[in-house]
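Spelled out, the chains give:
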Amino acid sequence: MTSTPTLPLRDGGAIPVVGFGTWLLEGATAYQPVRDALDIGYRHIDTATGYSNEEHVGRAIADSGVAREDLFITTKLPPDHAGREAQTIEESLRFLKLDYVDLWLIHWPVDGAAAPPVWKQLIAARDRGQVRAIGVSNYSAAFIDELIDATGVTPAVNQIPWSPRDHDEKRLAHAADNRIVLEGYSGLKRSNLADPTLVAIAESHGVSVPQVIIRWHVEHDIVVIPKSAHRERIAANLDVFGFALTSDEVTKIDALAG
Ligand SMILES: NC(=O)c1ccc[n+]([C@@H]2O[C@H](COP(=O)([O-])OP(=O)(O)OC[C@H]3O[C@@H](n4cnc5c(N)ncnc54)[C@H](OP(=O)(O)O)[C@@H]3O)[C@@H](O)[C@H]2O)c1
């Protein structure tokens with residue numbers, strides 16, 4: 001089994017560029033897909049307190065037998081848990097049966113604001129060793145700047161909706177300038193899988209359109225976390241390292257942004 005390439009994080013460590021998403025795999029339905037993903041070779045799993053599945057993700061991780069140091073596990077703080085951050089991370093760790101998570105994110109801005117006090121609680125959790133890296137999700141560049149101004153600490157990751165139609169050079173530049181890894185979510189859902197440009201590129205490589213979309217993220221050094229409940233799709237979504245897109249193909253896909 002070949003290992004998935006990683007991107008370095010400013011907090012240290014490295015994040016596998018393709019991970020497994022678990023939103024809507026609620027409760028016990030998360031168990032088998034996460035087992036399948038780990039069996040197939042995924043080493044990066046994305047969950048959240050809000051997905052109500054940490055306990056079952058944790059069981060799948062434990063039963064997989066994969067060594068902890070080979071795994072990258074992300075969970076997220078719901079904005080309505082502001083003020084009880086310490087209890088929330090303790091609960092996540094208990095459900096996940098882990099001593100630490102690799103990445104803890106503020107899931108959404110808190111009451112529509114950047115919320116430096118909440119960010120300070122993530123920094124404290126990192127200082128306690130409960131989380132290795134900290135970041136945000138669904139944050140604008142301006143909100144990230146506000147966190148940096150308030151604390152001097154830059155998020156390692158921003159997890160945001162991303163797909164060919166969302167391609168945004170300014171967003172990429174802000175992340176690169178601040179050494180923030182962008183993590184795209186809902187990349188398949190947000191795409192037109194019948195788009196003629198994507199279909200033609202997929203056919204020319206003998207791969208599927210979802211594989212082209214996932215590979216396009218990889219070409220941009222954007223972490224991508226496709227979710228599927230089906231083993232064959234889970235396998236196909238990780239099978240994107242046997243081909244590469246040309247720079248011309250990447251440019252054509254970038255141009256699908258409206
Ligand atoms: N931070 C946030 O606010 C946020 C928000 C949304 C999502 N996320 C994270 O990002 C992950 C991915 O996003 P997502 O789950 O919204 O969407 P996604 O991964 O883009 O798409 C999932 C959908 O695509 C289908 N699918 C998966 N692989 C496929 C394939 N090879 N061919 C055809 N269809 C395929 C799945 O169906 P089947 O399951 O039936 O195969 C499912 O309906 C989430 O699971 C979650 O971990 C984070």
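Shown above is the structure to which this text applies.
Note that this is a predicted model, so its numbers are computed, not measured. (Residues numbered from 1 in each chain as written. Predicted model: local features only at pLDDT ≥ 70, side-chain atom pairs only at ≥ 80, totals over all residues. Heavy atoms only, no water.)

(A) Structural view of the site of the ligand. Around the ligand there are 25 residues in total, and Asp46, Ser186, Leu188, Lys227 and Ser228 lie nearest to it. Contacts to the ligand include serine 186, whose side-chain N or O atom sits 2.7 Å from an oxygen atom. Relative to its unbound accessible area of 890 Å², the ligand is 86% covered by the protein chains. Tallied by class, residues from the shell around the ligand come to nine nonpolar, 11 polar and five charged. (Near = heavy atom within 4 Å. Polar contact = N/O pair within 3.5 Å; in protein donor to acceptor, adjacent residues only side chain to side chain. Areas by Shrake-Rupley, 256 points an atom, 1.4 Å probe, with all protein chains shown as cover. Nonpolar A, V, L, I, M, F, W, Y, C, P; charged D, E, K, R; others polar.)

(B) A look at helix H1 (residues 31-40). Taken across its 10 residues, H1 has seven buried, putting it largely inside the fold. Contacts from the buried residues of H1 go to strand S3 (20-21), strand S4 (44-46), helix H2 (54-64) and helix H9 (231-238). Just beyond H1, the residue with positive phi is glycine 41, at close to 130 degrees. (Buried < 20%, exposed > 50% of the residue type's maximum accessible area, 1.4 Å probe, protein only. Helix = DSSP H or I, 4+ residues; strand = E, 2+ residues; numbered from the N terminus. Contact = heavy atoms within 4.5 Å.)

(C) Quick peek at the packing of H1 against H2. Relative orientation of the contacting elements H1 and H2 amounts to 35 degrees, with a least axis distance of 8 Å. Pair H1 / H2 crosses with right-handed handedness. Here Tyr31, Val34, Arg35 and Leu38 of H1 lie close against H2, whose contacting residues are His56, Val57, Arg59, Ala60, Ile61, Asp63 and Ser64. Residues belonging to the contact of H1 with H2 are distributed by class as follows: six nonpolar, two polar and three charged. (Axes fitted to C-alpha atoms, helices over the stretch in contact; angles between N-to-C directions. Left-handed = near helix turned anticlockwise from the far one by under 90°.)

(D) Representation of the packing of aromatic side chains in the model. Here the structure, examined in full by the defined rule, presents two aromatic pairs. Judged by centre distance (6.0 Å) and plane angle (70 degrees), the rings of tyrosine 139 and phenylalanine 143 are edge-to-face. One Lys or Arg, arginine 132, reaches over the ring of tyrosine 100 and ends 3.7 Å from the middle of that ring. (Phe/Tyr/Trp six-rings, centres within 6.5 Å; stacked < 30°, edge-to-face > 60°. Lys NZ or Arg CZ within 6 Å of the ring centre and 35° of its normal.)

(E) Structural detail: the pairing of strand S5 (residues 72-77). In terms of residue burial, S5 counts as a mostly covered element, since six of its six residues are buried. Burial of S5 is two-sided: the residues Phe72, Thr74 and Lys76 facing one way and the residues Ile73, Thr75 and Leu77 facing the other way are all buried. As paired strands, S4 and S5 are joined by three bridges and run parallel to one another. Within the sheet, the bridge partner assigned to isoleucine 45 lies in S5 and is isoleucine 73. Since S4 and S5 lie parallel, the crossover through H2 that links them has a hand, and here it is right-handed. Looking at chain direction, S5 and strand S6 (residues 101-106) are connected through four bridges and run parallel. From the neighbouring strand, leucine 77 faces S6, where its bridge partner is isoleucine 106. Viewed along the sheet, the connection from S5 through helix H3 (residues 85-96) into S6 turns out right-handed. (Pairing = 2+ DSSP bridges. Right-handed = clockwise from strand over helix to strand, strands pointing away.)

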